[in-house]
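If you want the building blocks of each chain, they are given just below.
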Amino acid sequence: MNMYDLILKKRNGGVLSKEEITYIVMGYTEGSIPDYQISAFLMAVYFQGMNPQETVDLTLAMADSGERLDLSEIQGVKVDKHSTGGVGDKTSLIIGPMLAALDIPVAKMSGRGLGHTGGTIDKLESIEGFQTGLSREQFIHNVNHIKLAIAGQTANLAPADKKIYALRDVTATVDNASLIAASIMSKKLASGADVIVLDVKVGSGAFMQTLEAAEELARTMVSIGNMAGKKTYAIITDMNEPLGEMVGNALEVQEAIQVLRGQGEARLTKVAMTLASYMVLGAGKAETIEKAEEMLQETITSGKALKKFAQFVQAQGGNPDYIYHPEQFPKADYVEPVYPTRTGYLSACRNSEVGMSSLVLGGGRETKESQIDLTVGIRLLKHLGDKVDDKEPFAYLYGNDKGKIEAARMRLLNAYSIQDEPVETQPVIKKIILEA
Ligand code: URA
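From a predicted model like this one, the values you see are computed outputs, not experimental measurements.

**Student:** What is the right way to look at helix H3 (residues 35–48) in this model?
**Tutor:** Along an α-helix, residues three or four positions apart point the same way, because every turn accommodates 3.6 residues. Taking 1.5 Å of rise per residue, 14 residues should cover 20 Å, and H3 covers 20 Å from first to last C-alpha, within 8% of that figure. On its buried face, H3 sits against helix H1 (3–11), helix H2 (18–30), helix H8 (159–169) and helix H9 (177–190). Immediately downstream of H3, the backbone of glycine 49 shows phi near 75 degrees, a positive value.

What follows is the structure in structure tokens.
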């Protein structure tokens, strides 16, 4: 077998066998196939697609490219969630502490930002001292003791995904359903949770732009999860505008804290509550979704979820004071108001452009090696459907470089359309998929 022939086969629309897919995945993981050939292969997959069997074979080859984490030493039904990627999506930081406060073990493997979307690991690193590189022993110990651990992908957990993910990020090959399904499900299968809840984002800030595409991705992932013996649910949620008010790493952690204090923005709170409720249901801790929501709400009103967040931060080497005193988060040098181009109603948002605006400020990666600035980002005071006035700011930009702030302002203004007539708003939960 040789890589040139396999690139050519996929480029010409051929179907790859399990052996061929395994050859590619193992070769790239071991370093015998170079970045440029995998880049070409990914682009061929992007244009030609993969059939369901190829997607399953790719997922399993990636899951088996390293070790599979054995979580049998953790007592109870382990739950995990994963999002397909969005702008302003900080739900993991809200859901983890709520579930842990209900004594449901959350063993979560998270990623870094990808393209215009953010990643939980980058966000957590804005907390002083916070470590995301946990050993297997630490990870298991933390889940057993405080019921929550969030780790970055370790070198030997689905290493093929780690390499491919970084390459996709800089070769415009992220938004393909087979590549996303294999990326997410390989990590989920390798990281050993019993129940998986997937947040499949749809809309202008998501990798899937239509409900049909999102549903196909959701069903593919649910069927891979079920095949591997895991209870898997998918919730399709709106990503036609950022989720919540904040976009940017440190800013998003502060917004998550606000939700855990019971002062969260409505759409963000709704998505976090819905995902968490299905995790509670999947773990067998509640009979109905209503009961699950009630239990979760109580973790917020009692302060238990916030306390759990602080405990979790401390257990991973972070400074727990940040959680009770968010004013300690590092700050950007400049906070600049953004005025809308005219008065009217916010009618549409090209949400990936909002993500790019944050990336331009330094909040995302332009190349594999880019260092991100954790302090920068955007605060949105208005949402789709809201009335805006050209004399009042509708957003603030947080930045450390005046030139970048001006570039980000242009992108943010271009991201929004404003019209004279009132706009009907869309529900944030689009569809719930409990079986493939
Ligand atoms: N999240 C992942 O882990 N992988 C993707 O491909 C997209 C989102």
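**Student:** Would you take a moment to explain the pattern of salt bridges for this structure?
**Tutor:** Throughout the structure, instances matching the rule amount to 29 salt bridges. Residues glutamate 255 and lysine 90 are paired through a salt bridge, measuring 2.6 Å at the closest nitrogen-oxygen approach. Of the two residues, glutamate 255 is situated in helix H11 (residues 249–260) and lysine 90 in the loop between strand E1 (79–83) and helix H5 (91–101); the sequence distance between them amounts to 165 residues. Given the relative accessible area of 1%, lysine 90 is considered buried. The partner of aspartate 238 in a salt bridge is arginine 267, and the shortest N-O contact between them spans 3.0 Å.

**Student:** Help me understand helix H17 (residues 402–415) in this model?
**Tutor:** A rise of 1.5 Å per residue sets the reference length of H17, with its 14 residues, at 20 Å; its end C-alpha atoms lie 20 Å apart and thus fit the reference within 8%. Of all the positions in H17, only Ile405, Ala408, Arg409, Leu412, Leu413 and Ala415 are classed as buried. The buried residues of H17 occupy one face: seen down the axis, they fall within an arc of 145 degrees. In this fold, the buried residues of H17 make contact with strand E7 (334–338), strand E8 (344–349), helix H16 (351–363), strand E9 (377–380), strand E11 (395–399) and strand E12 (416–419). N-cap assignment for H17: the residue whose side-chain oxygen lies 2.9 Å from the backbone N of glycine 403 is aspartate 401.

**Student:** I keep staring at the sheet that holds E11 and nothing clicks. Help me out?
**Tutor:** Backbone hydrogen bonds are what pair the strands of a sheet, in a parallel or an antiparallel way. On the basis of which strands lie adjacent, the open sheet formed by 4 strands has the order E6-E9-E11-E7 and antiparallel pairing. With partners counted over all chains shown, the strands left at the sheet margins are strand E6 (246–247) and E7, one partner each. Pairing geometry for E9 and E11, over 4 bridges, is antiparallel. Paired with isoleucine 378 across the strands is leucine 397, a residue of E11. Docked against the sheet, H17 engages E7, E9 and E11, running at close to 30 degrees with respect to E7.

**Student:** So what exactly am I meant to see when it comes to the pairing of E8 here?
**Tutor:** Regular strands place side chains that alternate from one sheet face to the opposite one. Pairing between E8 and strand E10 (residues 387–388): 2 bridges, direction antiparallel. Bridge pairing links glycine 344 to valine 388 in E10. Both E8 and E12 contribute to a ladder of 4 bridges, which runs antiparallel. From the neighbouring strand, cysteine 349 faces E12, where its bridge partner is tyrosine 416.

About the cut-offs
- Residues numbered from 1 in each chain as written.
- Predicted model: local features only at pLDDT ≥ 70, side-chain atom pairs only at ≥ 80, totals over all residues.
- Heavy atoms only, no water.
- Helix = DSSP H or I, 4+ residues; strand = E, 2+ residues; numbered from the N terminus.
- Expected span 1.5 Å × (residues − 1).
- Contact = heavy atoms within 4.5 Å.
- Salt bridge = Lys/Arg side-chain N within 4 Å of Asp/Glu carboxyl O.
- Buried < 20%, exposed > 50% of the residue type's maximum accessible area, 1.4 Å probe, protein only.
- Arc of directions from axis to C-beta.
- Polar contact = N/O pair within 3.5 Å; in protein donor to acceptor, adjacent residues only side chain to side chain.
- Pairing = 2+ DSSP bridges.
- Axes fitted to C-alpha atoms, helices over the stretch in contact; angles between N-to-C directions.

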